[in-house]
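# Observations on the model geometry
What follows is the residue order along each chain.
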Amino acid sequence: MKPPILYIVIPCYNEEKVLPITSSMFLNKLTDLIAQNKIHQDSRILFVNDGSKDDTWNIITDLSRQDCHFQGIAQSRNRGHQNAVLAGLMEAMDRCDITISIDCDGQDDLNAMDQMVDAYLDGCEIVYGVRASRDTDTFFKRFTAEGYYKFLNRMGAEVVYNHADYRLMSARALHEFAKFKEVNLFLRGMVPLVGFKSTSVYYDRHERLAGESHYPLKKMLMLAFDGITSLSVKPIRMITATGLIISVLSFIGIIWALITAMTGQAVAGWASTACIVCFIGGMQALFLGIIGEYIGKIYLETKARPRYIISERTKEMLETDRHEGGNNDE
Ligand code: UDP
Ligand code: MG
């Protein structure tokens, strides 16, 4: 049987420091897998330049000239990690049998790719890379990350525990995934919805080899919130339930107030009135905010803007270009 063609999809944003180090690691892994006859020699490493402001794209084009295993596409501007990964996967989908998406900073253990490909050869269409331990993370990052996964699941967004965006997807799974047209992307929550036979492989995550993380706390919180609101309507249901409980309590309160008034025990309770007003006011503002968040998402989805726009491709990617652009109508 012919071994599968693998495309390793790697989003890069301002990574001039780390790319010269990790690109050779990726190439070694790819040639190693080819030598073992696990993957076809037409396999490629596909960098997605996500509108970097530094030398990243030049490094990618240089690499593609040095070795045909390196290929690259560039987004027309910075669109964020999730859109960059999607752009790469959609580009790769028609050229390969399997893709593996991975960050370019060398944090994820490349050796897990062997097991991923093995799992594919065993019949899995999606293989999740899962972090076995978080020893290299700070206590804060570990605590927030683990709390985050638990919270997401409780909120009704089904995500694989400790899995980020290091995963193998077959072209078949990707073709189905391409039918998910939403613009608000949270890949790790969307991919499990595709279904098919899947499994997880475990690996240790290292420190970033160079450069700096692009995910400060603020961005992480935004991703977490997006994850919940783009995958689940549970918060809205919880609002409805809380609203119902508060209504019942208010009704009891009114009866109580009427009884005390009628029995002549009414007190001029400024404090209790003020408390109630504040409480209800606060609740309403919070709940309107959450509902507003969903309306915002609907607003963005109805616009149906393209999820990624590719402005440049390295030579081979141009020659084998099978579909133009990357908009929603594909
Ligand atoms: N990245 C991207 N676009 C962005 C931000 C990040 O393509 O706007 C890429 C980045 O180059 C890296 C990956 O996404 O390959 C993960 O980013 P990073 O390592 O900074 O995040 P962390 O691992 O700290 O969560
Ligand atoms: Mg990283």
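Residues numbered from 1 in each chain as written. Chains lettered and ligands numbered in written order. Predicted model: local features only at pLDDT ≥ 70, side-chain atom pairs only at ≥ 80, totals over all residues. Heavy atoms only, no water.

### Here we look at the packing of aromatic side chains
Heads up, the rule is: Geometry of aromatic contacts follows a simple scheme: Phe, Tyr and Trp rings, the Trp one being its six-membered ring, pair when their centres are within 6.5 Å, and the pair is stacked under 30 degrees between planes, edge-to-face over 60, tilted otherwise. Under the DSSP-based scheme used, a helix requires at least four consecutive residues in state H or I and a strand at least two consecutive residues in state E, with every element numbered from the N terminus. Burial status follows relative accessibility: with a 1.4 Å probe on protein chains alone, a residue under 20% of its type maximum counts as buried, one over 50% as exposed, and anything between as partly exposed.
As enumerated under the stated definition, the model contains four aromatic pairs in all. Between the aromatic rings of tyrosine 149 and tyrosine 161, the centroid separation amounts to 5.8 Å while the plane-to-plane angle is 75 degrees, which identifies the pairing as edge-to-face. Separated by 12 residues along the polypeptide, tyrosine 149 in helix α5 (residues 139-154) and tyrosine 161 in the loop between α5 and β6 (163-170) bring together distant segments of the chain. For the ring pair tyrosine 166 and tyrosine 203, a centre distance of 5.1 Å and an interplane angle of 80 degrees mean the geometry is edge-to-face. Here tyrosine 203 lies in strand β7 (residues 198-203) and tyrosine 166 lies in strand β6, a separation of 37 residues in the sequence. On the basis of relative accessibility, which here comes to 3%, the residue tyrosine 203 falls in the buried class.

### With respect to the packing of helix α1 (residues 19-35) against helix α2 (residues 56-66)
To be explicit about the condition: Here an angle of 0 to 180 degrees is reported between the N-to-C directions of two axes, which are lines fitted to C-alpha atoms, with helices fitted over the stretch in contact. Helix crossings get a hand from a simple test, with the near helix turned counterclockwise from the far one by less than a right angle marking a left-handed crossing and a clockwise turn marking a right-handed one. Any two residues whose heavy atoms approach within 4.5 Å at even a single point are treated as in contact.
Two elements in contact, α1 and α2, have axes whose closest approach is 11 Å; the angle formed by their N-to-C orientations is 35 degrees. The element α1 and its partner α2 pack so that their crossing is right-handed. Every residue of α2 that contacts α1 at Leu19, Pro20 and Ser23 is listed here: Thr56, Ile59, Ile60 and Leu63.

### A look at the sheet that holds β7
The condition that has to hold: Each pair of strands is called paired provided DSSP finds at least two bridges between the two strands.
Pairing in this open sheet of eight strands is mixed, and the strands run β7-β5-β6-β4-β1-β2-β3-β8 from one edge to the other. Edge positions in the sheet fall to β7 and β8 (310-313), since each has one partner strand and no second. In this sheet, neighbouring strand axes are inclined to one another by 25 degrees on average, regardless of whether the strands run parallel or antiparallel. As defined by bridge partners, strand β5 (residues 126-131) adjoins β7 across six bridges and the pair is classed as parallel. What sits directly across from valine 127, in β7, is threonine 199. Across the face of the sheet, α1 comes into contact with β1 (6-12), β2 (44-49) and β3 (70-75) while running at roughly 150 degrees to β2.

### Some remarks on helix α4 (residues 112-121)
Of the residues making up α4, those classed as buried are Ala112, Met113, Asp114, Met116, Val117 and Ala119. Contact partners of the buried residues in α4: β1, α1, β4 (98-101), β5, β6 and β7. Where α4 terminates, the next one or two residues include glycine 123, which has phi positive at roughly 110 degrees.

### Focus: the site of ligand 1
Cut-off, in case you're wondering: Any residue with a heavy atom positioned within 4 Å of a molecule or strand is treated as near that molecule or strand. In the analysis that follows, any N or O atom pair within 3.5 Å is treated as a polar contact, provided that within protein one partner can donate a hydrogen and the other can accept it, and provided that, for residues neighboring in sequence, both atoms belong to side chains. To measure how exposed things are, a 1.4 Å probe is used in the Shrake-Rupley method; for residues, cover is taken only from the protein chains shown. All amino acids are sorted into three groups, where Ala, Val, Leu, Ile, Met, Phe, Trp, Tyr, Cys and Pro are nonpolar, Asp, Glu, Lys and Arg are charged, and the leftover types, Gly among them, are polar.
Of all residues adjacent to ligand 1, which total 19 residues, the nearest are Glu15, Asp50, Asp105, Ser213 and His214. Side-chain polar atom of aspartate 50 to a nitrogen atom of ligand 1: 2.6 Å apart, as the coordinates give it. In this structure, an oxygen atom belonging to ligand 1 sits 3.1 Å away from a main-chain N or O atom of cysteine 104. In isolation ligand 1 offers 530 Å² of accessible surface; the protein chains occlude 95% of this area. Within the residue set of the shell around ligand 1, elements represented by two or more residues are β1 and α3 (81-93). Of the residues in the shell around ligand 1, the class split is six nonpolar, six polar and seven charged.

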